Amino acid sequence: MDEYVKTGSKALKDVFWIFVIAFALLFMHRRPEEANTIYYTLAFPVLIFIVYYLHVRLFPLGEIQFVILTAFLTEMGLIMIYRVAPELLVKQIIWIAIGFGLYFIASYLFKHYGWLYNLKYGEYIYIFLAVGLIISTLFFGKEIGGAKNWLTFDGIYVQPAEAAKVIYIIFLARYLKDKRDLKNILILGAITIGIAGIFALEKDLGMAFLFYTTTVLMVFLVTSNLFYVASGFGLMAIGGILAYFLFWHVRVRIEAWLNPWMDVPGKTYQIVQSLFAIAAGGFFGTGLGMGHPEYIPVVASDFIFSAICEEFGILGGIAIILVYFVIMYRGIKVALEARDEFGALLAAGLISMFSLQVFTIIGGVIKFIPLTGVTLPFVSYGGSSMVMSFFTLGMLNGISVGEEEEDVQFEAQY
Amino acid sequence: MYYILSQILKYVLIFLIYLFLYRVFKIIYMDIKGVRRERQLTSAKLSFLTGERTFTLFEVTSIGRSDECDIVIESPYVSARHALIKKRGKRFYIEDLNSTNGTFVNGKRVKVARIKNGDIITLGDVDLKFIA
């Protein structure tokens, strides 16, 4: 066994010990009422080790670090979710299990991603699927927490925008691979502004920002033209100012960001509670079970980072951010080493979207940028987000594995 | 009681979290530095079909006519840097480095190919046997 693998399994052992200590404390703090909770909790480390073993077996050349890092992130999420909303714990563990399943499926599907590119009329199919998914909530959607971005099927809530993200990235990679002159970039810009507009109507500003910024980044990747980027961000600024005057909910967000103390019990309640929680944590946190994360609204999904900062301290929060940086680094490495341009674009788009999402929500809850409601991948409670985050990393793993494993056999050339 | 326990264990938890991070960054460090044990010997060998010499392979082994290569083959048909054999996971791969006369595995010209125990690798006019 070489040192590379050994260090990885040692890191996984650390994850295991964090799990043991944290859940021992939490079970003491809040006696679980049902035996079910304990069984599911114990199933989590078993799941991680099975996934790790399978990953080493099935993809010896794959990105094993994805498993280690997501194990850490999902575990921190589970600890916090059990702390603030114990009834969601079992569901979250089931979602994680489904997510890992999808991770493997995506790895196999995208090992040979050429079919995505070769599909006839591919780009029309992708864009219609993506836009269809995004628009569907405008007509059939349900409004939860201020944004109309949910669909319900028999009590199961799904966020179609999460799936649309991946499809949209495939579209972008496919489109930009061949069409990168001014006219086509302008068409793409129009499409993107349309999508951002739909999101703005659904009051889902986080997603509008994600789709728009990812497109600008991807255009920069293929053209290396700073003019496009400058005009992209310039348009975004204009759009932001317009939205500020046109939409009431945008104005509230921006005012809360500029001056959170103006209406603490009302409009700025969320962000102020989040800031209080982070301040209460200090460097080492209040200790598990000793803080009051339950004062923060929507703490299990959007504001979970504040809760972690409160009970694990800012050091815990920084650790989470560093782990995201490592995932980003691995993703960019996959993009750099991809075997063709389409794969590189696909990987770069996926990891940009992922990293921007992390930036949007962490920046939002620490009042670095105006708050918009997106989830923190792998940590927040939420099925759609969890499953699609795993799918994204699975795709990256697939691209990486495919490029390493490909046995190119050439016929004799002479 | 619980309060004291929680206060002590929070430092333990932070310590463990950062130990985890240390290991993750160590992996990255090894990755960037290329210290994926490139110079470490593996159990695989490469021997001339004529049986005159046997080489033990590294994690990454370069083959060619130039002195810089790990395995130097003195033949005019072998390029200066001809091919690379890499170990990834448990498998070995041979990669042709745009050589003039090509790299052949069991008679087939390859760019990158997985090699297994007993495969015959031909570089220029030299036949080598791969023993895993």
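Residues numbered from 1 in each chain as written. Chains lettered and ligands numbered in written order. Predicted model: local features only at pLDDT ≥ 70, side-chain atom pairs only at ≥ 80, totals over all residues. Heavy atoms only, no water.

Student: What's the story with the overall build of chain A in this structure? I'm lost.
Tutor: When its secondary structure is counted, chain A shows 15 helices and four strands. Structurally, chain A occupies a C-alpha span of about 75 × 60 × 40 Å along its principal axes. Split into buried and exposed, the 414 residues of chain A put 56% on the buried side. Residue pairs at least 24 apart in sequence account for 72% of intrachain contacts in chain A once pairs closer than 6 positions are excluded. Total accessible area on chain A is roughly 17300 Å²; 70% of this is exposed by carbon and sulfur atoms. (Helix = DSSP H or I, 4+ residues; strand = E, 2+ residues; numbered from the N terminus. Buried < 20%, exposed > 50% of the residue type's maximum accessible area, 1.4 Å probe, protein only. Contact = heavy atoms within 4.5 Å. Areas by Shrake-Rupley, 256 points an atom, 1.4 Å probe, with all protein chains shown as cover.)

Student: How should I be thinking about the domain arrangement of chain B in this particular structure?
Tutor: Once the domains are mapped, chain B shows domain 1 (1-36) and domain 2 (41-131). Summarising the inter-unit geometry, the C-alpha centres of domain 1 of chain B and domain 2 of chain B are found 42 Å apart. (Domains from an automatic or database assignment.)

Student: Please clarify how the UniProt feature "transmembrane region" (unreviewed entry) in chain B should be interpreted in this entry.
Tutor: The sites that carry the UniProt feature "transmembrane region" (unreviewed entry) are, in the present numbering, residues 12-29 of chain B. Taken end to end, residues 12-29 of chain B has its terminal C-alpha atoms 25 Å apart, with 100% of it in helix and 0% in strand. (UniProt positions renumbered as here; feature names shortened; annotations may be inferred.)

Student: Whenever I open this one, the pairing of strand β8 (residues 108-115) of chain B confuses me. Can you help?
Tutor: Two faces belong to every sheet, and in a regular strand the side chains alternate between them. Residues and elements named next belong to chain B. Where strand β6 (residues 91-96) and β8 come together, four bridges link them in antiparallel fashion. Paired with phenylalanine 92 across the two strands is isoleucine 115, which belongs to β8. Sheet topology note: the strand β7 (residues 103-105)/β8 ladder contains three bridges and is antiparallel. Counterpart to phenylalanine 104 in the pairing with β8 is arginine 109. Between β7 and β8, which pair antiparallel one after the other, the connecting turn spans two residues, and asparagine 106 there sits at a positive phi close to 50°. (Pairing = 2+ DSSP bridges.)

Student: Explain the packing of helix α1 (residues 3-29) of chain A against helix α3 (residues 64-84) of chain A here, please?
Tutor: All names here are of chain A. At a minimum axis distance of 10 Å, the contact between α1 and α3 shows a crossing angle of 5°. The orientation of α1 with respect to α3, classified from their angle, is roughly parallel. From α1, Gly8, Ala11, Leu12, Val15, Phe16, Ile18, Phe19, Ala22, Phe23, Leu26, Phe27 and His29 reach across to α3, where they touch Ile68, Ala71, Phe72, Glu75, Leu78, Ile79, Tyr82 and Arg83. (Axes fitted to C-alpha atoms, helices over the stretch in contact; angles between N-to-C directions. Parallel < 35°, antiparallel > 145°, perpendicular 65-115°, else oblique.)

Student: Honestly, the UniProt feature "domain: FHA" (unreviewed entry) in chain B in this entry has me stumped. Any pointers?
Tutor: When the UniProt feature table is mapped to this numbering, "domain: FHA" (unreviewed entry) covers residues 61-110 of chain B. Annotated as residues 61-110 of chain B, this span is 0% helix and 48% strand, and its ends, taken at the C-alpha atoms, are 17 Å apart.

Student: Which parts of the structure should I look at to understand the packing of aromatic side chains?
Tutor: To describe a pair of aromatic rings, you give the distance between the ring centres and the angle between the ring planes. All names here are of chain A. Throughout the structure, instances matching the rule amount to 30 aromatic pairs over all chains. For the ring pair phenylalanine 359 and phenylalanine 368, a centre distance of 6.1 Å and an interplane angle of 85° mean the geometry is edge-to-face. Exposure remark for phenylalanine 359: the relative accessible area of 37% places this residue in the partly exposed category. The exposed category is assigned to phenylalanine 368, whose relative accessible area is 53%. Grouped by ring-pair contacts, the aromatic residues Phe19, Phe23, Phe27, Phe44 and Tyr82 constitute a single cluster. Seen from the ring of tyrosine 117, arginine 174 lies directly overhead, with NZ or CZ sitting 5.4 Å from the centre. (Phe/Tyr/Trp six-rings, centres within 6.5 Å; stacked < 30°, edge-to-face > 60°. Lys NZ or Arg CZ within 6 Å of the ring centre and 35° of its normal.)

Student: I would appreciate a short explanation of the interface of chain B and chain A in the present structure.
Tutor: Size of an interface, as often reported, equals the accessible area lost when the parts are brought together. The interface is formed by 43 residues belonging to chain B together with 52 residues belonging to chain A. For the pair chain B and chain A, the two sides together bury roughly 4400 Å², of which 67% comes from carbon and sulfur. The largest contributions to the chain B side of the interface with chain A come from Tyr2, Phe20 and Arg109 of chain B, which together make up 17% of the buried area. Taken together, the connections running from chain B to chain A amount to one salt bridge. The partner of arginine 23 of chain B in a salt bridge is aspartate 14 of chain A, with the nearest N and O atoms 2.9 Å apart. One can count seven residue pairs in polar contact (both at pLDDT 80 or more) joining chain B with chain A. When contributions to the side of chain B that touches chain A are tallied by element, the ones reaching two or more residues are α1 (2-33), β6 and β8 of chain B. With 26 residues, α1 of chain B is the single largest residue contributor to the side of chain B that touches chain A. Along the lines of polarity and charge, the residues of the side of chain B that touches chain A split into 25 nonpolar, six polar and 12 charged. (Buried area = accessible area lost by both parts, 1.4 Å probe. Salt bridge = Lys/Arg side-chain N within 4 Å of Asp/Glu carboxyl O. Polar contact = N/O pair within 3.5 Å; in protein donor to acceptor, adjacent residues only side chain to side chain. Nonpolar A, V, L, I, M, F, W, Y, C, P; charged D, E, K, R; others polar.)

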